[in-house]
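Next come the chains, spelled out residue by residue.
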Amino acid sequence: MFPAPFRLFFVAVPLLVAAGALAMAAFPRRMTSWQTRSPDGSTQTIEPSGTRILMMRVMGVVVAGLALLALFASSAILP
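The structure displayed is predicted, hence computed values, not measured ones.

The rules we used
- Residues numbered from 1 in each chain as written.
- Predicted model: local features only at pLDDT ≥ 70, side-chain atom pairs only at ≥ 80, totals over all residues.
- Heavy atoms only, no water.
- Phe/Tyr/Trp six-rings, centres within 6.5 Å; stacked < 30°, edge-to-face > 60°.
- Buried < 20%, exposed > 50% of the residue type's maximum accessible area, 1.4 Å probe, protein only.
- Helix = DSSP H or I, 4+ residues; strand = E, 2+ residues; numbered from the N terminus.
- Expected span 1.5 Å × (residues − 1).
- Contact = heavy atoms within 4.5 Å.

Student: Please clarify how the packing of aromatic side chains should be interpreted in this entry.
Tutor: The way to describe two aromatic rings as a pair is by their centre distance and the angle between their planes. The tally for this structure, following the rule as stated, stands at 1 aromatic pair. Both rings, one in F9 and one in F10, keep their centres 5.4 Å apart while their planes meet at 85°; by these two values the pair is edge-to-face. The class of F9 is partly exposed, set by a relative accessible area of 47%. What makes F10 partly exposed here is its relative accessible area of 30%.

Pasting the structure below:
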């Protein structure tokens, strides 16, 4: 029998990772666009390419799936 804070760690961390990964899959442009500032003070936005957007979506879904698998596996393994 593990103490409650130890079990809570194995529930909270995979949920946070899954939430971040799903946000990465849902909003890839917002999470990867950069703003640069030139010496004269003007700003410019750098947008990611289409391939990077696609790979961020794929990897977000994969990481979220692995995190949820870890969540359910830890609840099945830890008493």
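Structure's up, so let's keep going.
Student: Teacher, can you tell me more about helix α1 (residues 4-26) here?
Tutor: One full turn of an α-helix is made of 3.6 residues, so residues set three or four places apart face in the same direction. The end-to-end C-alpha distance of α1, which contains 23 residues, comes to 33 Å, matching closely the 33 Å that a straight helix rising 1.5 Å per residue would cover. Taken together, the buried positions of α1 are occupied by P14, A18, A21 and A25. Its buried side turned inward, α1 meets α2 (28-32) and α3 (50-77).

Student: Explanation requested: the side chain of T32 in the structure shown.
Tutor: Note on placement: T32 falls in helix α2. By relative accessible area, which is 9% here, T32 ends up buried. Once residues within four sequence positions are removed from consideration, T32 is found in contact with I46, P48, R52, I53 and M56.

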